[in-house]
Amino acid sequence: MRSLVRADAVVMRAMKKRPDQRYGTWAQFSVELSKVVGLVLPAGAIADSEKYLALSKVEMLQLLSDADFWELAAAGKWTRAPKGSMIIKEDESGHSFFFLAKGEAKVTRGTRLLNTVNEGECFGEMAYIRGGEEPRHATVQAVSEVLIAEFQPETLEKMGHQAQLHLTRALVRNVVDRLVVANERVTR
């Protein structure tokens, strides 16, 4: 009952006649709506609005349209994982990439720490770009509780061409940024 009252209040505010009484942006409206959805979803479920909001905050994806964000949110396999969970294991095969929506993860090769992945960053994109030709080069482990999305090539291929193009450019730019950091470490 509480969720119905809350939902009614959110919708009523969105429909006010005076603009100053409505939500300022669609993002504000979707945040409030996601809170309502959270009241009625089963425990552990991830609301579509939470997926959308996580992706829409990512700087490298800002060329995507709202429709593309929704399409990308639906294309991912979203899961929550506890601290210490192994997300990717070094030397295992794989062709998907991951997006870290919440939390933090560490990237290691053997016992050596290579990098830390923070909210809004992706990882595993080298396997995706190479089509799974080689095994994973590193292990990725959750340092905190995480919310992640895994993207499979066959699912992303069903997205619109414009969204695929922007996503591919963003992933390649991410790889290039990591190469720049690696080059800086080598030259120190």
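Now for a quick tour of the structure. (Residues numbered from 1 in each chain as written. Predicted model: local features only at pLDDT ≥ 70, side-chain atom pairs only at ≥ 80, totals over all residues. Heavy atoms only, no water.)

Some remarks on the pattern of salt bridges
All chains considered together, the criterion is met by 6 salt bridges. The shortest N-O distance in the salt bridge between Arg80 and Glu50 comes to 3.0 Å. With Arg80 in strand E1 (residues 77-81) and Glu50 in helix H3 (residues 48-56), the pair connects residues that are 30 residues apart, well separated along the chain. Judged by its relative accessible area of 36%, Arg80 falls in the partly exposed class. As a salt-bridge pair, Glu133 and Arg130 come within 3.1 Å of each other at their nearest N and O atoms. Given the relative accessible area of 58%, Glu133 is considered exposed. With a relative accessible area of 41%, Arg130 lands in the partly exposed category. Several salt bridges converge on common partners, so that one network encompasses Glu50, Arg80 and Lys102. (Salt bridge = Lys/Arg side-chain N within 4 Å of Asp/Glu carboxyl O. Helix = DSSP H or I, 4+ residues; strand = E, 2+ residues; numbered from the N terminus. Buried < 20%, exposed > 50% of the residue type's maximum accessible area, 1.4 Å probe, protein only.)

Examining the packing of aromatic side chains
All told, the structure shown has 6 aromatic pairs when counted by the stated rule. Between Tyr52 and Phe69, the ring centres sit 5.9 Å apart and the planes meet at 85 degrees, which makes this aromatic pair edge-to-face. Residue Tyr52 is found in helix H3, and its partner Phe69 is found in helix H4 (residues 66-75); the two are separated by 17 residues along the sequence. Among the aromatic side chains, those forming a connected cluster through ring pairs are Tyr52, Phe69 and Trp70. (Phe/Tyr/Trp six-rings, centres within 6.5 Å; stacked < 30°, edge-to-face > 60°.)

Digging into the sheet that holds strand E3 (residues 97-102)
Across the sheet, 4 strands lie side by side as E1-E8-E3-E6; this open sheet has antiparallel pairing. A strand with exactly one partner marks an edge of an open sheet, and here the two such strands are E1 and strand E6 (121-123). Averaged over all pairs of adjacent strands, the angle between strand axes in this sheet comes to 30 degrees, irrespective of strand direction. Note that E1 and strand E8 (residues 146-151) share 5 bridges and pair antiparallel. (Pairing = 2+ DSSP bridges. Axes fitted to C-alpha atoms, helices over the stretch in contact; angles between N-to-C directions.)

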